[in-house]
Amino acid sequence: MGKYTIIADTGNCLVERLRGALVPDLIQNAGEIGLRSPEDRGDTVLGLFLYDIRPSEEVYQKRAVVTNDRIAKPPVFLSLSYMITAYSQGDIQYRLPQDERILGRVIQYFHDNPIIPLEEVDARRMSGTELHIQMLKLDEDEKSRIWSFPNVGNRLSLFYRVSPVAIDSEISRKVTRVTDLDINVSLKPLKPGNGE
């Protein structure tokens, strides 16, 4: 589970993982990989853009969360969808092959590492639902709708979903656990004539 910052924390975790996988072999500096919109990519060589947040289809919890002394409303579970785009720099004849190498490494890395332990995203959490990274199968129309930035030409991009990302509810109340149980049993005398 997590606080409301878990959405931003998940994006930052993905960036850190990709920095470890791509720098310095394919991208020179860690700062060239970041969370960026294609409209405002700056000097980014690999940009991750969160384009959709929706309720998770994998997990839905109706039951309250019970801890030692509190009971809380269930968390909301989300799926986060990212577009990952390479923006190689340098001579134009080498840009496209370099973009393809970068995206190929991203595919390989996420294929080999499809699960993020929750404590990696939120260091305060030592247990809970792990996050799953899944490549999305989108057709050209869906990709075009996502890439709807005026004055920015389409680029080859990857599309991934991370889920289930949980945001805890702030609604909770204090509860007291049952510590003593007192049972009184009294026997009624049998009435004569019952046949017993």
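First, a word on scope: everything that follows refers to the structure included in this document. What you see is a predicted model, and the numbers here were worked out from it, not measured in a lab.

Another point: the side chain of Ser56. As for its position among the elements, Ser56 is in the loop between strand S2 (46–55) and strand S3 (65–66). Classification of Ser56 as buried rests on a relative accessible area of 10%. Ignoring anything within four residues of it in the chain, the contact list for Ser56 reads Phe77, Leu78, Ser79, Ser163 and Pro164.

Time to look at empty space enclosed by the protein. Summed over all chains, the structure comprises 2 cavities of 30 Å³ or more. The space that makes up the second largest cavity amounts to roughly 40 Å³. In terms of lining residues, the second largest cavity is bounded by Arg54, Pro55, Glu57, Glu58, Ser79 and Arg161. Classifying every residue of the lining of the second largest cavity by side-chain character gives 1 nonpolar, 1 polar and 4 charged.

So, on to the packing of helix H1 (residues 6–22) against helix H2 (residues 92–112). Closest axis-to-axis distance for the H1/H2 pair is 10 Å, and the angle between their directions is 115 degrees. Taken together, the axes of H1 and H2 are roughly perpendicular relative to one another. In this structure, H1 crosses over H2, and the sense of that crossing is right-handed. Touching Leu14, Arg17, Leu18, Ala21 and Leu22 of H1 are Ile102, Arg105, Val106, Tyr109 and Phe110, all from H2.

A few words now on the side chain of Asp99. Following the sequence through the fold, Asp99 ends up in helix H2. Overall, Asp99 belongs to the buried group, its relative accessible area being 7%. When near neighbours in sequence (up to four residues on either side) are disregarded, Asp99 contacts Ala86, Tyr87, Ser88 and Arg155.

A separate point is the nonpolar core. In terms of nonpolar packing, the biggest core is built from 31 residues, with Leu18, Leu46, Val106 and Phe110 touching the most fellow members. Per-element accounting of this core gives the leading share, 7 residues, to H1. With near-sequence residues (within four places) excluded, Val106 lies in contact with Leu18, Leu22, Leu46, Ile84, Leu158 and Tyr160. In terms of nonpolar packing, the next biggest core, distinct from the first, is built from 8 residues, Phe49, Met83, Leu136 and Trp147 among them.

Parameters and conventions
Residues numbered from 1 in each chain as written. Predicted model: local features only at pLDDT ≥ 70, side-chain atom pairs only at ≥ 80, totals over all residues. Heavy atoms only, no water. Helix = DSSP H or I, 4+ residues; strand = E, 2+ residues; numbered from the N terminus. Buried < 20%, exposed > 50% of the residue type's maximum accessible area, 1.4 Å probe, protein only. Contact = heavy atoms within 4.5 Å. 1 Å grid on protein atoms, 1.4 Å probe; cavity = no way out; pocket = protein on both sides within 12 Å on 5 of 7 lines; lining within 4 Å. Points joined across faces, edges and corners; volume = space filled by probe spheres on them. Nonpolar A, V, L, I, M, F, W, Y, C, P; charged D, E, K, R; others polar. Axes fitted to C-alpha atoms, helices over the stretch in contact; angles between N-to-C directions. Parallel < 35°, antiparallel > 145°, perpendicular 65-115°, else oblique. Left-handed = near helix turned anticlockwise from the far one by under 90°. Core = buried A, V, L, I, M, F, W, Y, C linked by side-chain atoms within 4.5 Å.

Purely geometric numbers; function is a separate question.
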